[in-house]
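In case you want the letters, here they are:
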Amino acid sequence: MSLKDAATAVMANAHAPYSNFKVGAAIRAASGTVYVGCNVENVAYPEGTCAEAGAIAAMVAAGETELSEVYVIAGSSMPVTPCGGCRQKLAEFGAEEVRVTMGTTANDTELTMTLGALLPGAFNTDHMDDI
Ligand code: THU
């Protein structure tokens with residue numbers, strides 16, 4: 001199954017009764033295994049989690065800490081881009097050149113960017129080296 005198909009399939013399981021904006025994410029880890037996640041909203045709004053966070057949690061729970069490719073999809077008219085927090089979460093486990101493809105179930109439009117381009121100047125361990 002392609003990353004796009006995996007992300008599209010899990011998007012159907014999203015719990016998004018407050019925004020009605022379902023998102024699916026699929027991550028290919030270094031082993032080749034694909035991990036998926038969907039957004040899980042909560043009546044206490046800040047407690048909701050993004051699709052990317054769910055996929056990352058599944059990957060880490062399975063014992064993997066390196067991702068090589070990401071696909072995110074939603075029903076928006078233009079490809080959905082990861083929120084700022086998810087860019088930082090993805091950067092924790094992926095190199096700058098990792099490709100993140102954003103898609104939409106509304107049409108065939110896709111946008112591919114690297115993690116480095118999505119989060120320029122990312123905060124990383126270099127910033128803590130001299131402490
Ligand atoms: N959302 C994600 O799951 N991933 C993104 O990349 C963008 C936003 C979710 C969070 C919330 O449940 C809904 O989309 C609307 O913001």
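Structure: see above.
Remember, predicted model here, so these are calculated numbers, not experimental data.

Let's talk about the side chain of E41
Piece 1. Summarising the element assignment, E41 is placed in the loop between strand 2 (34–38) and helix 2 (51–61).
Piece 2. K22 is the oppositely charged side chain nearest to the buried, salt-bridge-free E41, at an N-O distance of 10 Å.
Piece 3. Setting aside anything within four residues of it in sequence, one finds E41 in contact with H15, A16, P17, Y18, S19, F21 and G48.

Let's talk about the site of the ligand
Piece 1. Surrounding the ligand, one finds S19, F21, V23, N39, E41, C50, A51, E52, T81, P82 and C83.
Piece 2. Separating an oxygen atom of the ligand from a side-chain N or O atom of N39 is a distance of 3.0 Å.
Piece 3. Between the ligand and E41, the relevant distance is 2.6 Å, taken from an oxygen atom to a side-chain nitrogen or oxygen of the residue.
Piece 4. Protein coverage of the free-state accessible area of the ligand, which is 380 Å², stands at 76%.
Piece 5. Its residues assigned to classes, the shell around the ligand shows six nonpolar, three polar and two charged.

Quick look at the pairing of strand 3 (residues 67–74)
Piece 1. Across the eight residues of strand 3, six count as buried, placing the element largely inside the fold.
Piece 2. Bridging between strand 1 (residues 23–29) and strand 3 involves seven bridges; their strand directions are antiparallel. Among the inter-strand pairings, I27 is bridged to a residue of strand 3, identified as V70.
Piece 3. When strand 3 meets strand 4 (residues 99–104), the two strands line up parallel, connected through six bridges.

Let's talk about the packing of helix 2 against helix 3 (residues 84–93)
Piece 1. Here helix 2 crosses helix 3 at 25°, and the two axes come no closer than 10 Å. As far as their axial angle goes, helix 3 and helix 2 are roughly parallel. Remark: the crossing between helix 2 and helix 3 carries left-handed chirality. Residues E52, A53, I56, M59 and V60 of helix 2 lie in contact with helix 3, whose contacting residues are C86, K89, L90 and F93.

Details of the nonpolar core
Piece 1. Grouped together as the largest cluster of nonpolar side chains are 21 residues, with contacts concentrated most on I27, M59, L67, V70 and L90.
Piece 2. Among the secondary structure elements, those contributing two or more residues to this core are strand 1, helix 2, strand 3, helix 3, strand 4 and helix 4 (115–118).
Piece 3. In this structure I27 touches L3, T33, V34, Y35, E52, A55, I56, M59, L67, E69, V70 and L90, once residues within four positions along its chain are discounted.
Piece 4. In this structure, A7, M11, Y71 and I73 belong to the second largest nonpolar core, which totals seven residues.

Let's talk about the sheet that holds strand 1
Piece 1. Read from one edge to the other, the open sheet built from five strands follows the order 2-1-3-4-5, with strand pairing classed as mixed. Strands at the two margins of the open sheet, each flanked by one partner only, are strand 2 and strand 5 (110–114). On average, each strand axis in the sheet is inclined to that of its neighbour by 15°, with strand direction left out of account.
Piece 2. Against the sheet, helix 1 (residues 3–11) makes contact with strand 1, strand 2, strand 3 and strand 5, and its axis sits at roughly 140° relative to strand 1, the strand it touches most.

Quick notes on the environment of Y35
Piece 1. Position of Y35 among the secondary structure elements: in strand 2.
Piece 2. Distance from Y35 to M59, taken between C-alpha atoms, is 5.7 Å for residues 24 residues apart in sequence.
Piece 3. Apart from residues lying up to four places away in sequence, Y35 is in contact with A25, A26, I27, A29, A55, A58, M59, A62 and E64.
Piece 4. In terms of polar contacts, Y35 uses its side chain to reach the side chain of E64, at 2.8 Å.

The rules behind these values
Every chain begins its residue count from 1, and numbering advances along the sequence as written. Totals for whole chains, interfaces and linings use every residue, but because this is a predicted model, local features are given only for residues with pLDDT of at least 70 and side-chain atom pairs only at 80 or more, for both listing and counting. Calculated side-chain values reflect all of the structure's heavy atoms, with hydrogen atoms and water omitted. Under the scheme used here, helices are H or I runs from DSSP no shorter than 4 residues and strands are E runs no shorter than 2 residues, and both carry numbers assigned from the N terminus. Only protein chains enter the area calculation, which uses a 1.4 Å probe; residues under 20% of their type maximum are buried, those over 50% are exposed, and those in between are partly exposed. We count Lys and Arg on the positive side and Asp and Glu on the negative side, and we leave His and both chain ends out. Salt bridge, as applied in this entry: a Lys or Arg side-chain nitrogen positioned within 4 Å of an Asp or Glu carboxyl oxygen. The contact criterion used throughout is that any non-hydrogen atoms of two residues lie within 4.5 Å. The nearness test applies per residue and asks whether one of its heavy atoms lies within 4 Å of the molecule or strand. Polar contacts, as counted here, are pairs of nitrogen or oxygen atoms within 3.5 Å of one another; within protein the pair requires one atom able to donate a hydrogen and one able to accept it, and residues that are adjacent in sequence qualify only if both atoms are side-chain atoms. Note on areas: Shrake-Rupley, 1.4 Å probe, and residue coverage restricted to the protein chains presented here. The nonpolar class holds Ala, Val, Leu, Ile, Met, Phe, Trp, Tyr, Cys and Pro. Asp, Glu, Lys and Arg form the charged class, and all remaining residues, Gly among them, are polar. Two strands are said to pair when DSSP picks up at least two bridges between them. For every element, the axis is a line fit to its C-alpha atoms; helices are fit only across the contacting stretch, and the angle between N-to-C directions ranges from 0 to 180 degrees. Throughout this description, any angle smaller than 35 degrees is read as roughly parallel, any larger than 145 degrees as roughly antiparallel, any in the 65 to 115 degree range as roughly perpendicular, and the remainder as oblique. When the near helix sits turned anticlockwise from the far one by under a right angle, the crossing is termed left-handed; a clockwise turn instead gives a right-handed crossing. To form a nonpolar core, buried Ala, Val, Leu, Ile, Met, Phe, Trp, Tyr and Cys residues must be joined to one another through side-chain atoms within 4.5 Å.

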